[in-house]
Amino acid sequence: MAAKDNVRESDIDKTSFWYGGLCNICHPGGGFGEFDRDGELYYDVRTSQFGYEKLGKTAADVRLDGDYAEINHMSGALRAAPWDITGVAEPDCLFCHRTERAVSDGKNMNWVWRTATLRSKDKLKDTGGASVPAYAAAATAGQGWFSAFALNSKVPAGKPPMATTLDIDYQPGVDNGSLKEDGAGSLRLDGASIVGSPKDYACWGCHLTPDLKKRGRSWFDESSDVHYAGFNNLNDADPTNDIAPGNSTACTQCHPAGLDHNIAKGNATVSSVRNDTDYAGLRTCRDCHLPGAEKHENAPTPTSDIHIDGHLEKMSCEMCHIPYKTRSAVFAIDNATTGNTIGYPAAALLSADPLDPTDPDKSRWYPSFKWKTDKDGERRLFPIKLLLSVWWGDWDDNGTPDDGHDDTITPIALWRVRQITGGSPIAGTVDDNGDGKPEVNRPEEILAYITAMKGDDSYGVPVATRPVLVKGGRVWFEVPGGGDVDSFDYHAEGVHTESSHPFSVNHNVLPTDQALGATGCIECHYGFAERPSPVFDRLIPISPFDETEDARPKYKTVRQMTFLSPF
Ligand code: HEC
Ligand code: HEC
Ligand code: HEC
Ligand code: HEC
Ligand code: HEC
Ligand code: HEC
Ligand code: HEC
């Protein structure tokens, strides 16, 4: 993200206005969708003033302000952020609390309408051709209160939708009874249209993409989640008590919230904030299933022999009960080879045989594990899915080449990487492994990129002073004097950077006959048999391609990664 104060265009990446039109579709308003970093409204319609004007500044003063500028991510061109055209995005209570959900083909249409409106930014028009304030109108559009709505058909599949036309109109709400005339010329929301516990579809618009991409989660599918099935009475013999997907409120049974709206969460393994509220209010496996004050009356207590103390001390319930995933997820992203994101799905790096990633059966994949502090304070192994990243940074050793701890590796904004690559691999880059995705991996290729990356961007500023490739736990750099590259293990050197991001796998508890151990103790205790364990010897990708002419993925075993090695 862009800083508030910048001295030149080349320092600016994604600004607040850009965030408003993309990130805000899931990271919603009422904060950075509404107020600048001085606490002023970006644009105040009542006074027709930008926030900076209230502080006595001019448009020229904020030309490079991360709250009031926008860099075009394809051309690198700078413009003033048109908050006066889009308005600002306010908190959107009904997005979660509306009773009637618009679901079509399994899609949360409330999310689609709100998202598409935000994404159109300053280009949104009504059918008469007049400009519509997209950020301000998004919440209303999200409720379906419009008479005309058209999507841009040129947006490629898999990208968030974008609207071209919107006519806000409350008549559809009056027609379906969600809005009532109050006799004084205004409309009021009908009480029955507000629900206290949001339905799963309210959560699933924003959580769907990350859950798919980062974790391969399935929802609204009774065969892949015992709780979705159980909480909606889909397992019992009585079909009349079944709760339909559109009415399921399973998410809030484990993730309740109080009026402070700190939706109960656990101990996230990536980029956590407010660690002081970890597990506050969250209903975990142990809360509902083990005897105690919070035990859920219908949750069976584990009684089979496998639940010995020695196991429950070291392993989380999730470790055994979320044994594998059937939906793909993205395992690696290469932002280095072209400056665009090249994704590697599960099938590229794993297979349904946890010991042989090359097996042609790609119907499922198996997670890795990580030690993490559970709600009761114990450290246990939890299932995770590593996301590997490959990217260019600018390395500054702060004048102390022998001490890694004070080094910084600043990621290079992708718009600037693309100005060097033109969005394609640079000349001489070979797709060594023949997977159809070229990769910058061999030392001579890395060197060619490093040389190119010292070139200027369109503002005449060198893209990097000391470009380095971060990949597979290592930093690749040009040996002083030039002509060669070398690499070091950044963790071993104490350099603070990352190319491996552990996303926790906490959902999709499968029926017990699929749990680890259901087919025998030798799944983990290889000492019982003369063969590797599919759990502790399974292969976990740690780099999507190595530096050889084969460009093969690199793996480690769970045993090597967790230092746990049962007999
Ligand atoms: C499709 C919805 C969606 C969009 C679009 C989106 N995010 Fe997120 N983001 C989420 C969700 C949901 C989480 C947290 C929960 C999780 O881990 O799944 C999250 C988490 C994050 C985190 C915490 C670390 C992490 O990855 O878990 C950061 C930082 C972040 N988002 C930044 C951004 C930025 C910047 C953008 C715009 C480029 C953006 N997000 C766009 C849904 C989204
Ligand atoms: C408007 C989009 C949106 C909606 C609707 C939404 N979320 Fe989120 N949620 C997010 C984003 C974005 C984050 C990450 C915030 C961050 O890390 O800064 C998040 C974070 C979370 C977290 C904490 C994740 C962590 O990393 O620990 C939980 C739990 C959660 N949401 C549950 C829910 C539930 C349950 C619902 C439905 C009642 C819901 N969310 C509705 C966007 C949304
Ligand atoms: C991201 C989704 C989300 C948004 C947006 C949201 N809420 Fe909530 N709200 C929740 C959740 C989750 C609960 C807790 C439900 C539960 O535990 O069953 C809740 C609970 C409540 C409750 C208590 C309801 C009850 O029956 O006890 C009120 C009142 C409330 N919200 C008001 C608001 C208001 C006002 C706004 C807008 C400023 C808002 N909410 C925005 C998710 C949301
Ligand atoms: C059976 C209980 C249960 C249900 C139902 C449930 N969750 Fe969770 N969720 C958890 C647990 C447990 C964690 C992990 C807590 C920890 O250890 O950090 C979690 C973690 C999360 C996180 C953090 C990121 C992640 O995926 O690990 C998000 C976001 C989240 N849940 C959202 C949701 C949403 C949205 C729904 C409904 C679609 C939902 N959850 C349904 C129990 C549940
Ligand atoms: C909010 C309470 C709650 C939480 C939290 C919860 N469960 Fe459950 N669980 C239940 C209930 C209730 C059932 C019975 C569902 C049914 O009626 O089929 C169940 C069923 C199960 C079953 C199937 C048991 C059988 O005999 O078929 C397993 C396994 C299970 N849960 C494991 C877990 C794990 C692992 C977690 C943590 C990720 C967890 N549960 C979190 C309430 C909970
Ligand atoms: C070492 C792996 C492992 C761990 C850890 C584990 N389970 Fe299980 N669990 C199993 C297996 C395997 C079964 C099926 C046993 C059978 O069918 O004989 C099972 C069965 C169950 C059942 C069905 C009742 C029963 O006992 O057969 C429930 C409920 C359950 N587990 C909940 C939990 C909870 C809650 C935790 C965490 C406190 C947990 N399990 C931890 C492997 C595990
Ligand atoms: C999911 C993997 C897994 C499965 C399946 C599994 N174990 Fe274990 N077992 C472990 C781990 C991990 C430990 C702890 C090892 C350590 O502390 O070094 C352990 C420890 C033990 C211990 C020592 C316990 C103690 O109190 O120190 C015994 C005994 C044991 N297992 C027996 C069994 C038997 C019998 C089965 C089959 C019913 C079984 N295990 C299935 C992973 C597993």
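Cut-offs applied
Each chain carries its own residue numbering, running from 1 in the written order of its sequence. For this description, chains carry letters from A and ligands carry numbers from 1, given in the order in which they are written. It should be noted that, the model being predicted, local features are given only for residues of pLDDT at least 70 and side-chain atom pairs only at 80 or more, the latter also being counted only at that level, while totals for whole chains, interfaces and linings use all residues. Working from all heavy atoms in the structure, the side-chain values ignore hydrogens and water. Only runs of H or I of at least four residues qualify as helices and only runs of E of at least two qualify as strands under DSSP, and these elements are numbered from the N terminus. Throughout, the radius of gyration refers to the C-alpha atoms, and the reference size of a globule is 2.2 Å times the residue count to the power 0.38. Only protein chains enter the accessibility calculation, which uses a 1.4 Å probe; a residue whose area is less than 20% of its type maximum is buried, one above 50% is exposed, and one in between is partly exposed. Note on contacts: a residue pair is in contact if any heavy atoms of the two residues lie within 4.5 Å. Values of accessible area rely on a 1.4 Å probe in the Shrake-Rupley scheme; residue burial ignores everything except the protein chains shown. Only four residue types enter the charge count, namely Lys and Arg as positive and Asp and Glu as negative; His and the chain termini do not. Where a charge lies is defined by one atom per residue type, namely NZ (Lys), CZ (Arg), CG (Asp) and CD (Glu). Residues form patches when they are more than 30% accessible in relative terms and have no salt bridge. Like charges link within 9 Å. Nonpolar side chains (Val, Leu, Ile, Met, Phe, Trp, Tyr) link within 5 Å. Here, a salt bridge means any side-chain nitrogen of Lys or Arg that lies within 4 Å of a carboxyl oxygen of Asp or Glu. All domain edges in this entry derive from an automatic or database-based domain assignment. Two parts placed together each lose some accessible area under a 1.4 Å probe, and the buried area is that loss summed for both. In the analysis that follows, any N or O atom pair within 3.5 Å is treated as a polar contact, provided that within protein one partner can donate a hydrogen and the other can accept it, and provided that, for residues neighboring in sequence, both atoms belong to side chains. What a helix is expected to span follows from its residue count: subtract one and scale by 1.5 Å. Throughout, bend refers to the angle between the axes fitted to the seven residues that end at a position and the seven residues that start at it. Because no water is among the atoms considered, metal sites can look incomplete, with donors defined as N, O and S atoms within 2.8 Å of the metal, or 3.2 Å for Na, K and Ca. All geometry calls rest on donor angles, where a four-donor set with angles between 85 and 135 degrees is tetrahedral, four- and six-donor sets with opposite donors more than 155 degrees apart and all others between 65 and 115 are square planar and octahedral, and all else is irregular.

From N to C terminus, the protein chain includes 17 helices and 21 strands. In terms of overall dimensions, the protein chain is globule-like: its C-alpha atoms have a radius of gyration of 26 Å, near the 24 Å expected for 567 residues. The principal-axis extent of the C-alpha atoms belonging to the protein chain is close to 80 × 75 × 40 Å. When each of the 567 residues of the protein chain is scored for burial, the buried share is 45%. If you take every contact in the protein chain between residues at least 6 apart in sequence, the share linking residues at least 24 apart comes to 59%. Accessible area for the protein chain stands at about 27100 Å²; split by element, carbon and sulfur atoms hold 54% of it. When the 56 positive and 82 negative side-chain charges of the protein chain are each reduced to one mean point, those points stand 2 Å apart.

Moving on to a negative patch on the surface. On the surface, a cluster of negative charge is contributed by E222, D236, D238 and D242. Its location among the elements puts E222 in the loop between α8 (200–215) and α9 (226–231). For E222, a relative accessible area of 46% puts it in the partly exposed group.

Moving on: the domain arrangement of the protein chain. You can read the domains of the protein chain as domain 1 (9–86), domain 2 (93–182), domain 3 (330–386 + 502–562) and domain 4 (391–495). Distance from the C-alpha centre of domain 1 to the C-alpha centre of domain 2: 23 Å. Opposite the 16 residues of domain 1 that make contact, domain 2 presents 14 residues. With both sides pooled, the region where domain 1 packs onto domain 2 buries about 1200 Å², and carbon together with sulfur makes up 57% of that total. For domain 1, the biggest contributors to the area lost against domain 2 are I25, I85 and T86; these three give 50% of the whole. Across the domain 1-domain 2 interface, the total number found is 2 salt bridges. Residue D122 is joined to R79 by a salt bridge in which the shortest nitrogen-to-oxygen separation is 2.8 Å. Scanning the region where domain 1 abuts domain 2 turns up 10 residue pairs in polar contact (both at pLDDT 80 or more). Elements supplying a minimum of two residues to the side of domain 1 that touches domain 2: α1 (16–21) and α3 (83–86).

The first and last C-alpha atoms of α8 sit only 18 Å apart over 16 residues, clearly below the 22 Å expected at 1.5 Å per residue. Roughly 55° is the biggest bend found in α8, and it falls at H207, with proline P210 one to four residues downstream. Within α8 the residues assigned to the buried category are D200, Y201, A202, W204, G205, C206, D211 and R215.

The next subject is the coordination of the iron atom of ligand 6. Only H307 (NE2) and H321 (NE2) from the protein coordinate the iron atom of ligand 6, and they sit 2.0 Å from it. What the 6 donor atoms of the iron atom of ligand 6 show is an angle range of 87 to 179° at the metal, which sorts the shape as octahedral. In this pair, H307 is assigned in the loop between α11 (285–289) and α12 (309–314) and H321 in helix α13 (residues 317–321), connecting sequence segments 14 residues apart. For H321, a relative accessible area of 22% corresponds to the partly exposed category.

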